Amino acid sequence: MLSNVSLLQLLNIVHGQLQLTIETQGADNVPDVVIRGVSTDSRKISAGDLYVPLSGERFNGHHFITQAAEQGAVAALIDQDVDAGLAARLPLIRVTDCLIALGQIAGWNRSQFHGPVVAVTGSAGKTSVKQLMSSVLAQRYCTWMTQGNLNNHIGAPLTLLALAPEHEAAVIELGASGAGEIAYTAQWVKPQVGIITNAAEAHLEGFGSLNGVVQTKGELLDFIQPGGYAVLNADDDFYGVWAERSAAVKQLSFGFSAAADVRASSLQCDLEGSHFVLHLDGEADTVRLPLLGEHNVRNALAVTAAAYALGLSAAEIIQGLQQATTVSGRLHWLEGQSGQRILNDAYNANPASVKAAINVLKHAPRSWLVLGDMAELGENELGAHADIGRYAHDQGIQHLLATGERSRKTTEAFGAGAHWFATKQELVRYLQQQTGNQDVILVKGSRSAGMDQVVQALQMNTEED
């Protein structure tokens, strides 16, 4: 959080102009106001906050400045004309763009923080890497990390603004749905270590192509601080592109490749986690990771490389990895009302993450794959859905159920053992009738598919639309 920033300091940070009332037109001094926090939500203002009104297609935060003042805001930014009387209620600072000003304030707060900062981006695995990284850094530091899905052009600045005096390290997740978005947030984050997990066909409608994804994820590398590290996936097809782009900083690679700086061998995965041998700095140590899937082992290798770059010992790193906990909605075990084992991976989906989840499910002797549509895949969306059906079949998945128009292609490509449903209600009813004790049900889909409703219905013995 901001620590007692004066109004004059704020004016300099955002390059703003104080809006004066008629009574104060001749005033020589800026009002003696101390700002202790920042909020973009007038309903969640705390006393001493600066209110930053953001505007979108369906809302305009400037309409709630009065409410913010009533809640205890001591000042507000504006980037458009407002009622002249508002300036009598609280100081108003005119800026060119409130969103950019929010980033400027966040960047200033970041500049006051002197602990290690790790930023992570990629098409898949960002949140798991964030959680793992925080678990490892917590072995030495009081660590702040991105909360929930606050990883976009608004969420990342808010995450930086929440850095407080007690924090000693930070892990910032950076997401994007189009070109330039990582560059925008990374300019405020300025990490010592930047991690790129991978590049895959996700949000292609915004990026235009897979190459667009690669270039956008690579934007993070341009903002790693001098003397810092780029942590790159040696197994990714685009490793060379990122290695060349980050030539100005130090590099550490991770993966299963024998050429990786940090690698794993003797990998064994099951439905409870993974065993592997971690190779780091010439040493080999056995690790038991309580997260599911080969992809999470690769995530653990990324974290190991980043933590090693920051000077943590192998013992600290391994302890942090082994103490990690699963994230709700991401390969998280739940119990069904009829004794089923539900693997909740319903938070989001793209082709790479669905295949990673299938690679976990294939270890189940009684496997049910339940899918909703994947979104934002561009022109090849139907082909991508069909490819998932073929992949699931080839991995030995026994049953595939799907809902959503695009997912018709998934069931068709899977063949015998697949069923498509027009509604989630019908799908849930079928699962309740056909599954029971020890059946393993993996539920996955893009956020817009609402497959969390299926998970909830299976747990509560209710049917959801």
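All of these numbers come straight from a predicted model, not from anything done at the bench.

Rules and cut-offs
Once a new chain begins, its residue numbering starts again from 1 and follows that chain's sequence as written. Per-residue local features of the predicted model are confined to residues with pLDDT of at least 70, and side-chain atom pairs are confined, for both listing and counting, to 80 or more; whole-chain, interface and lining totals are unaffected and use all residues. Hydrogens and water molecules were not included; the side-chain quantities draw on all heavy atoms of the structure. A fitted line through C-alpha atoms serves as each axis, taken over the contacting stretch for helices, and the angle formed by two N-to-C directions is quoted from 0 to 180°. Secondary structure elements are taken from DSSP: a helix is a run of H or I of four residues or more, a strand is a run of E of two residues or more, and numbering for both begins at the N terminus. Throughout, the term roughly parallel applies to angles under 35 degrees, roughly antiparallel to angles over 145, roughly perpendicular to angles from 65 to 115, and oblique to all others. Crossings are sorted by hand: turned counterclockwise from the far helix by less than a right angle, the near helix makes the crossing left-handed, and turned clockwise it makes it right-handed. In this description, contact between two residues means that some pair of their heavy atoms is separated by no more than 4.5 Å. Classes in brief: Ala, Val, Leu, Ile, Met, Phe, Trp, Tyr, Cys and Pro nonpolar; Asp, Glu, Lys and Arg charged; the others, Gly included, polar. Throughout, exposure labels follow a simple rule: accessible area from a 1.4 Å probe, protein chains only, divided by the maximum for the residue type, with under 20% read as buried, over 50% as exposed, and the rest as partly exposed. Here the rule is simple: two strands pair whenever DSSP picks up at least two bridges between them. UniProt positions are given in the numbering used here, feature names are shortened, and annotations may be inferred rather than shown by experiment. The working definition used for a salt bridge is a side-chain nitrogen of Lys or Arg within 4 Å of a carboxyl oxygen of Asp or Glu. Under the rule applied, a polar contact is a pair of N or O atoms within 3.5 Å (in protein, one hydrogen donor and one hydrogen acceptor; residues adjacent in sequence only if both atoms are side-chain atoms).

**What about the packing of helix H4 (residues 126-137) against helix H11 (residues 314-322)?**
Each pair of packed helices can be summarised by the angle the axes make with each other and by the distance between the axes. Remark: H4 packs on H11, axes separated minimally by 7 Å, with the N-to-C direction vectors making an angle of 130°. The pairing of H4 with H11 is recorded here as oblique in orientation. Crossing angle aside, the handedness with which H4 passes H11 is right-handed. From H4, Leu132, Ser135 and Val136 reach across to H11, where they touch Glu316, Ile317, Gly320 and Leu321. Per-class residue counts for the contact of H4 with H11 are 4 nonpolar, 2 polar and 1 charged.

**Side note on the pairing of strand S11 (residues 193-196)**
Each regular strand shows side chains that alternate between the opposite faces of the sheet. Residue alternation in S11 divides its side chains into two sets, Val193 and Ile195 and Gly194 and Ile196, and both sets are buried. Across 4 bridges, strand S8 (residues 117-121) lies against S11 in parallel orientation. Looking at S11, one finds that Val118 is bridged to Val193. Summarising the sheet, S11 and strand S12 (residues 229-233) pair through 4 bridges and their orientation is parallel. In the strand pairing of S12, Val193 is matched with Tyr229.

**Considering the packing of helix H3 (residues 98-111) against helix H6 (residues 181-189)**
One can describe the packing of H3 onto H6 by two numbers: an axis separation of 7 Å at closest approach and a directional angle of 35°. For the pair formed by H3 and H6, the contact residues are Leu99, Ile100, Gly103, Gln104, Gly107 and Arg110 on the first element and Tyr184, Trp188 and Val189 on the second. Each residue belonging to the contact of H3 with H6 can be placed in one class, and the counts come to 5 nonpolar, 3 polar and 1 charged.

**Observations concerning the environment of Ala413**
Tracing the sequence through the fold places Ala413 in helix H14 (residues 408-414). Distance in space between the C-alpha atoms of Ala413 and Asp387 is 7.3 Å, their sequence separation being 26 residues. Each residue touching Ala413, except ones within four places of it in the same chain, is listed here: Ala386, Gly389 and Arg390.

**Some words on the sheet that holds strand S17 (residues 332-335)**
Taken in spatial order, the 6 strands of this open sheet run S17-S18-S22-S19-S20-S21, and their pairing is mixed. Strands with a single pairing partner mark the edges of an open sheet, and in this sheet they are S17 and strand S21 (418-421). Here the average twist between neighbouring strands, direction ignored, is 20°. Summarising the sheet, S17 and strand S18 (residues 341-345) pair through 4 bridges and their orientation is antiparallel. Its bridge partner being in S18, His332 is matched across the sheet by Asn344. Sitting on the sheet, helix H15 (residues 424-434) touches strand S19 (367-371), strand S20 (399-403), S21 and strand S22 (440-444), and the angle it makes with S20 is about 155°.

**Digging into the UniProt feature "binding site: ATP" (unreviewed entry) in the protein chain**
Per the UniProt record, "binding site: ATP" (unreviewed entry) is found at Gly122, Ser123, Ala124, Gly125, Lys126, Thr127 and Ser128. Structurally, Gly122 is set in the loop between S8 and H4. The residues contacting Gly122, other than those within four sequence positions of it, are Thr197, Asn198 and Lys217. Take Gly125: its relative accessible area is 23%, and that puts it in the partly exposed class. Apart from the residues within four sequence positions on either side, Gly125 is in contact with Thr197 and Asn299.

**Re the pattern of salt bridges**
Taken as a whole and judged by the stated rule, the model has 16 salt bridges. In this structure, the salt-bridge partner of Arg341 is Glu272, at a minimum N-O distance of 3.4 Å. Of this pair, Arg341 sits in strand S18 while Glu272 sits in the loop between strand S14 (262-269) and strand S15 (274-280), placing them 69 residues apart in sequence. Given a relative accessible area of 17%, Arg341 falls into the buried group. Asp439 serves as the salt-bridge partner of Arg366, at 3.1 Å between the closest nitrogen and oxygen. Here Arg366 is found in the loop between helix H12 (351-361) and S19, whereas its partner Asp439 is found in the loop between H15 and S22, with 73 residues between them in sequence. A single network of salt bridges, built from pairs that share partners, joins Asp373, Glu381 and Arg406.

**Remarks on unusual backbone geometry**
Although it is not a glycine, His15 sits at a positive phi angle of roughly 55°. Residue His15 is classed as exposed on the basis of its relative accessible area of 65%. One non-glycine residue, Glu376, adopts positive backbone phi at about 60°.

**What to know about the side chain of Thr435**
In this fold, Thr435 is placed in the loop between H15 and S22. A relative accessible area of 7% means that Thr435 is categorised as buried. Side chain to side chain, Thr435 and Gln340 meet in a polar contact 2.9 Å long. Of the polar contacts made by the side chain of Thr435, one reaches the backbone oxygen of Leu431; its length is 2.6 Å. Sequence-distant contacts of Thr435, that is, excluding residues within four places in its chain, are made with Ser338, Gln340, Trp368 and Ile441.

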